[in-house]
Amino acid sequence: MTTILFIDDDSNCGLIAKLYLEKNDFKVYVAKDTTKARNLLNRNKFDLIISDIGMPGESGIDFYKWLQDEDQYKNIPVFLVSAHASNLADLDPKVNVEFFVKPLFFPKLIDRILSILNEQN
């Protein structure tokens, strides 16, 4: 079973994502911030990470950069999500990451998750 880490400070968004993704046969862990996400990463193996960009404290972009510096996590595909396209100004153009705009359109998200995971196999 594919295991996904979903990071978003909006608990409603996390709950909706968890319900929708689990309905589509994914196992989902939700973290409200990157500190909790790191704790989950230490205890579980994830096939994909979805992170909001604009969160209090460490941003999703900074968290992504941290993941890329960690050998055990740098190969996990990451999707970044934001309601504000202006957040993309902080993203290095050389970074290869998927980007989705809120509100999430889950059929498109699921299709892209399956596509990425199939490319890895």
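Before reading further, recall that the structure is shown in the block above.
Residues numbered from 1 in each chain as written. Predicted model: local features only at pLDDT ≥ 70, side-chain atom pairs only at ≥ 80, totals over all residues. Heavy atoms only, no water.

A. Inspection of the overall build of the protein at higher detail. A tally of regular secondary structure across the protein gives four helices and five strands. Starting at the N terminus, the α and β elements of the protein follow one another as β-α-β-α-β-α-β-β-α. A compact globule built from 121 residues would reach a C-alpha radius of gyration of about 14 Å, and the protein, at 13 Å, matches this within 12%. Here the protein holds 121 residues, and 42% of them are scored as buried. (Helix = DSSP H or I, 4+ residues; strand = E, 2+ residues; numbered from the N terminus. Rg over C-alpha atoms; globule rule 2.2 N^0.38 Å. Buried < 20%, exposed > 50% of the residue type's maximum accessible area, 1.4 Å probe, protein only.)

B. Highlighting the packing of aromatic side chains. This structure, assessed with the given rule, holds five aromatic pairs. The interplanar angle of 25° and the centroid separation of 4.8 Å between the aromatic rings of tyrosine 20 and phenylalanine 106 together place this pair among those described as stacked. On the criterion of sequence distance, the pair formed by tyrosine 20 in helix H1 (residues 11-23) and phenylalanine 106 in helix H4 (residues 106-120) is long-range, its members being 86 residues apart. The exposure class assigned to tyrosine 20 is partly exposed, which follows from its relative accessible area of 30%. Among the residues examined, phenylalanine 106 registers a relative accessible area of 11% and is labelled buried. For arginine 38, the ring lying beneath its charged end belongs to tryptophan 66, and the centroid distance is 4.1 Å. (Phe/Tyr/Trp six-rings, centres within 6.5 Å; stacked < 30°, edge-to-face > 60°. Lys NZ or Arg CZ within 6 Å of the ring centre and 35° of its normal.)

C. Quick look at the packing of H1 against H4. Contact geometry of H1 with H4 gives a least axis separation of 11 Å together with a crossing angle of 60°. The angle between H1 and H4 falls in the class oblique. At the point where H1 passes H4, the crossing takes the right-handed sense. Contact residues: H1 offers Ile16, Ala17, Tyr20 and Leu21, while H4 offers Phe106, Pro107, Leu109, Ile110 and Ile113. Residues that form the contact of H1 with H4 fall into these classes: nine nonpolar, no polar and no charged. (Axes fitted to C-alpha atoms, helices over the stretch in contact; angles between N-to-C directions. Parallel < 35°, antiparallel > 145°, perpendicular 65-115°, else oblique. Left-handed = near helix turned anticlockwise from the far one by under 90°. Contact = heavy atoms within 4.5 Å. Nonpolar A, V, L, I, M, F, W, Y, C, P; charged D, E, K, R; others polar.)

D. Examining the sheet that holds strand E3 (residues 48-52) more closely. On the basis of which strands lie adjacent, the open sheet formed by five strands has the order E2-E1-E3-E4-E5 and parallel pairing. Two strands lie at the open edges of the sheet, namely strand E2 (27-31) and strand E5 (98-101), each paired on one side alone. The sheet shows a mean angle of 20° between the axes of neighbouring strands, taken without regard to direction. Relative to strand E4 (residues 78-82), E3 runs parallel, the two being bridged by four bridges. When the sheet's bridge partners are listed, isoleucine 50 is paired in E4 with phenylalanine 79. The sheet contacts of H1 involve strand E1 (3-7), E2 and E3, and relative to E2 the element is tilted by about 175°. (Pairing = 2+ DSSP bridges.)

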